Amino acid sequence: MTMTASLAVAGVAVPAVAAYAIIGVVVLGLAASLGWLWRRGRHNHRIGTPEDAAEAVEAALAGVRVAGAVVGADGAGALAVTDDGRVAAVKRLGARLIAREIAWPSVRSTATGILIETDDPRLGTIALAGVNVLDIRRLAPQLGSRFRAACAAASPSLAGPSFSGSKAIAH
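Described below are features of the structure shown in this document.

The rules behind each value
Residues numbered from 1 in each chain as written. Predicted model: local features only at pLDDT ≥ 70, side-chain atom pairs only at ≥ 80, totals over all residues. Heavy atoms only, no water. Core = buried A, V, L, I, M, F, W, Y, C linked by side-chain atoms within 4.5 Å. Buried < 20%, exposed > 50% of the residue type's maximum accessible area, 1.4 Å probe, protein only. Helix = DSSP H or I, 4+ residues; strand = E, 2+ residues; numbered from the N terminus. Contact = heavy atoms within 4.5 Å. Arc of directions from axis to C-beta. Polar contact = N/O pair within 3.5 Å; in protein donor to acceptor, adjacent residues only side chain to side chain. Pairing = 2+ DSSP bridges.

## Quick look at the nonpolar core
Phase 1: If you look at the biggest cluster of nonpolar residues, it comprises 17 residues, and the most contacted ones within it are L79, I102, I114, I116, L128 and I136.
Phase 2: Of all the secondary-structure elements, those providing two or more residues to this core are β4 (77–82), β5 (87–93), β6 (96–102), β8 (113–117) and β9 (125–129).
Phase 3: Non-local contacts of L128, meaning those with residues more than four positions away in its chain, are made with G72, G77, A78, L79, T112, G113, I114 and I116.
Phase 4: Counting residues in each nonpolar core, the second largest holds 15 residues, with A56, V57, L61 and A88 among its members.

Here is the structure:
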């Protein structure tokens, strides 16, 4: 009389070797899935430099040239001003940067930085941590009165005397 070991898997008697092989495949599948999820979560969610933000805006808005850009301290968002005085918000979605033109009134100053309320559901509200009103005004000093008028229309806190001696965070 020969005895073989068997296990019951889902109510069916399966030889022990086959049951261990099935368990091994399941464990390897779970390990591979966890490894994929871990690697997927490791990519950089920061916007690296103002130049990266400027490139994203120039790619998204055909025919524009960025005069200056600023990235929040946490790298979660950026703001860019074009040569013609338009403004764009930038946010990283996955591996790529998404840039959308926004209206100046959607940019406002808060105690922790600049808040950009976009109408784009993919971008949502973007917070530029550590960025202040002066940083925004330094973006494009060459725009002069047009830029100050756009800032004043957006928010009285963004308007004020000209800072012609300040340097722009240029592209």
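Structure shown, so let's carry the discussion forward.
## Concerning helix α2 (residues 50–60)
Phase 1: Taken as a whole, α2 has its buried residues at P50, A53, A54, A56 and V57. End-on view of α2: buried residues confined to an arc of 160°, all on one side of the axis.
Phase 2: Of the surrounding elements, those touching the buried residues of α2 are β3 (66–71), β4, β5 and β6.

## Some remarks on the side chain of S106
Phase 1: One can find S106 in the loop between β6 and β7 (107–109).
Phase 2: At 2.6 Å, the side chain of S106 forms a polar contact with the backbone oxygen of A103.
Phase 3: Setting aside residues up to four positions removed in sequence, S106 forms contacts with L115, I116 and E117.

## A closer look at the pairing of β5
Phase 1: Burial analysis of β5 places five of its seven residues in the buried class, which makes it a mostly covered element.
Phase 2: The pairing of β4 with β5 spans five bridges and is antiparallel. Counted as the bridge partner of A78 is V90 from β5.
Phase 3: Connecting β4 to the next strand, β5, in antiparallel fashion are four residues, including G85 with a positive phi near 90°.
Phase 4: In this structure, β5 lies alongside β6, joined through seven bridges in antiparallel fashion. Residue A89 lies in a different strand from β6, and its bridge partner there is R100.
Phase 5: Taking the residues that link successive antiparallel strands as the turn, the β5-β6 hairpin has two residues, and the phi of G94 there is positive, at about 70°.

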